[in-house]
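Okay, here's what each chain looks like letter by letter:
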Amino acid sequence: MNENGLPFKIRRLEAKDIPAVSSIDRLVFHDPWPESAYVQELYFNPNAHYFVLQLTPAMPAHSWAERRAALASQIVGFVGVRVEMERGHISTLAIRPEWRGWGLGELLLHTALEQAIQSGARTVALEVRVSNAVAQNLYAKYDFVVVSQLRGYYADGEDAYYMRANVEGRAYHNYLQQRRALLEYRFRPQPANMT
Ligand SMILES: CC(C)(COP(=O)(O)OP(=O)(O)OC[C@H]1O[C@@H](n2cnc3c(N)ncnc32)[C@H](O)[C@@H]1OP(=O)(O)O)[C@@H](O)C(=O)NCCC(=O)NCCS
């Protein structure tokens with residue numbers, strides 16, 4: 001457990017995380033980024049913000065090398081958002097398959113949206129495969145709507161939906177706060193079984 005009582009934490013991407021993030025990228029996407037793309041984003045794009053979701057280590061590691069290996073394997077998802085000229089863009093979002101369905105993808109999207117707003121975004125956009133109903137459902141929950149269909153956007157020829165949300169205004173901020181409270185409730189520490 002970490003200091004918030006949660007079994008994971010979300011923190012900014014660091015160089016040491018790139019191999020773990022890339023391995024999830026290769027596992028999850030048909031057209032993964034090369035590791036150099038993450039290096040580029042991390043070091044050379046001041047408008048980019050990347051976060052990883054890391055499980056809190058349960059066991060103390062004995063050496064630095066062991067600790068590094070343990071930490072890398074405990075990264076279960078990541079998200080990226082770029083913000084330029086009041087426009088945010090979700091560049092990537094992924095959760096390892098075995099960790100899906102627990103609200104962690106939503107938590108990462110939420111983190112990216114909060115970052116975008118903090119960086120001055122009034123809108124946030126993204127591209128998603130037309131076949132990716134799961135991700136579209138998640139985005140719809142945060143008011144993303146399909147603005148257009150991008151023909152043959154992906155390397156394998158599939159189209160993308162270009163989706164956008166208006167993140168400006170008190171009502172949206174309140175909505176984010178409500179969602180955050182619900183997610184925190186969902187992730188609250190469970191009392192130990194009293195048998
Ligand atoms: C998209 C992704 C990040 C969602 O992560 P996740 O942790 O499984 O999602 P969550 O558990 O946080 O669910 C959030 C919402 O997503 C939608 N969703 C999740 N699983 C779903 C499923 N099996 N069927 C339909 N909708 C689903 C729901 O709207 C859900 O909200 P709800 O819990 O109120 O129903 C994850 O499926 C993933 O990594 N997919 C592969 C990579 C990808 O497609 N990335 C997006 C690229 S644009």
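Peer 1: Got a minute to help me understand the sheet that holds strand β6 (residues 145-150) in this structure?
Peer 2: Each strand in a sheet pairs with another by means of backbone hydrogen bonds, the pair being arranged parallel or else antiparallel. Taken in spatial order, the seven strands of this open sheet run β1-β2-β3-β4-β5-β7-β6, and their pairing is mixed. The sheet is open, and its two borders are formed by β1 (8-12) and β6, each paired with just one other strand. For this sheet the average axis-to-axis angle between neighbouring strands, irrespective of direction, equals 25°. Looking at chain direction, strand β4 (residues 87-95) and strand β5 (residues 123-129) are connected through three bridges and run parallel. Across the sheet, residue R87 finds its bridge partner in β5, namely T123. Each of β2 (48-55), β3 (75-84) and β4 is contacted by helix α2 (residues 35-44), which is oriented at about 115° to β2, the strand it contacts most.

Peer 1: Got a minute to help me understand the packing of aromatic side chains in this structure?
Peer 2: The geometry of an aromatic ring pair is captured by two quantities: the separation of the ring centres and the angle between the planes. Tallied over the entire structure, the rule returns ten aromatic pairs. Seen from their ring centres, Y153 and Y154 are 5.0 Å apart, and the 85° between their planes marks the pair as edge-to-face. On the accessibility criterion, Y153 (41% relative accessible area) is partly exposed. Given a relative accessible area of 14%, Y154 falls into the buried group. By way of ring pairs, the aromatic residues W33, Y38, Y50 and F78 are connected into one cluster. Cation over ring: R188 sits above Y185, and NZ or CZ is 4.0 Å from the ring centre.

Peer 1: Before we go on, may I ask you to explain the packing of helix α4 (residues 104-118) against helix α5 (residues 133-141) in this structure?
Peer 2: Any two packed helices are characterised by how steeply their axes cross, that is the angle between the axes, and by the distance between the axes. The geometry of α4 relative to α5 is characterised by a closest axis approach of 11 Å and an angle of 50° between their N-to-C directions. The angle between the axes of α4 and α5 places the two elements in the oblique class. Of the two elements, α4 crosses α5, and the hand of that crossing is right-handed. Contact residues: G105, E106 and L109 in α4; L138, Y139 and K141 in α5.

Peer 1: Can you help me understand the pairing of β3 in this one?
Peer 2: Regular strands show a simple pattern: their side chains alternate between the two faces of the sheet. Counting buried residues along β3, eight of its ten residues qualify, which places the element largely inside the surrounding structure. Pairing between β2 and β3: seven bridges, direction antiparallel. What sits directly across from A48, in β3, is R82. Pairing of β3 with β4 involves eight bridges; the strand directions are antiparallel. In the sheet register, F78 faces β4, and the bridge partner there is A94. Once β3 ends, the chain turns through two residues before running back antiparallel as β4, passing M85 with a positive phi of about 50°.

Peer 1: Which parts of the structure should I look at to understand the layout of surface pockets?
Peer 2: Where empty space is left can be seen by rolling a probe of water-molecule size over the atoms. Taken as a whole, the largest pocket holds about 1100 Å³ of empty space. As for the largest pocket, its lining consists of 39 residues, of which F29, L93, N132, A135 and Y139 are closest to the centre. Sorting the residues of the lining of the largest pocket by element identifies α1 (18-28), β4, α4, β5 and α5 as the ones contributing at least two each. Per element, the largest residue contribution to the lining of the largest pocket is seven residues, and it comes from β4.

Peer 1: Looking at this structure, I do not really get the site of the ligand. What am I missing?
Peer 2: Surrounding the ligand, one finds 22 residues, the nearest of these being L93, G103, G105, N132 and K141. Contact distances for the ligand include 2.9 Å between an oxygen atom and a backbone N or O atom of G101. Alone, the ligand offers 940 Å² of accessible surface; in the complex the protein occludes 72% of this. When atom positions are compared with the pocket grids, the ligand is found to occupy the largest pocket. When residues of the shell around the ligand are traced back to their parent elements, those giving at least two are β4, α4, β5 and α5. No other element matches α5, which puts six residues into the shell around the ligand.

Procedures and definitions
Residues numbered from 1 in each chain as written. Predicted model: local features only at pLDDT ≥ 70, side-chain atom pairs only at ≥ 80, totals over all residues. Heavy atoms only, no water. Pairing = 2+ DSSP bridges. Helix = DSSP H or I, 4+ residues; strand = E, 2+ residues; numbered from the N terminus. Axes fitted to C-alpha atoms, helices over the stretch in contact; angles between N-to-C directions. Contact = heavy atoms within 4.5 Å. Phe/Tyr/Trp six-rings, centres within 6.5 Å; stacked < 30°, edge-to-face > 60°. Buried < 20%, exposed > 50% of the residue type's maximum accessible area, 1.4 Å probe, protein only. Lys NZ or Arg CZ within 6 Å of the ring centre and 35° of its normal. Parallel < 35°, antiparallel > 145°, perpendicular 65-115°, else oblique. Left-handed = near helix turned anticlockwise from the far one by under 90°. 1 Å grid on protein atoms, 1.4 Å probe; cavity = no way out; pocket = protein on both sides within 12 Å on 5 of 7 lines; lining within 4 Å. Points joined across faces, edges and corners; volume = space filled by probe spheres on them. Near = heavy atom within 4 Å. Polar contact = N/O pair within 3.5 Å; in protein donor to acceptor, adjacent residues only side chain to side chain. Areas by Shrake-Rupley, 256 points an atom, 1.4 Å probe, with all protein chains shown as cover. Sits in = over half its atoms within 2 Å of the grid points.

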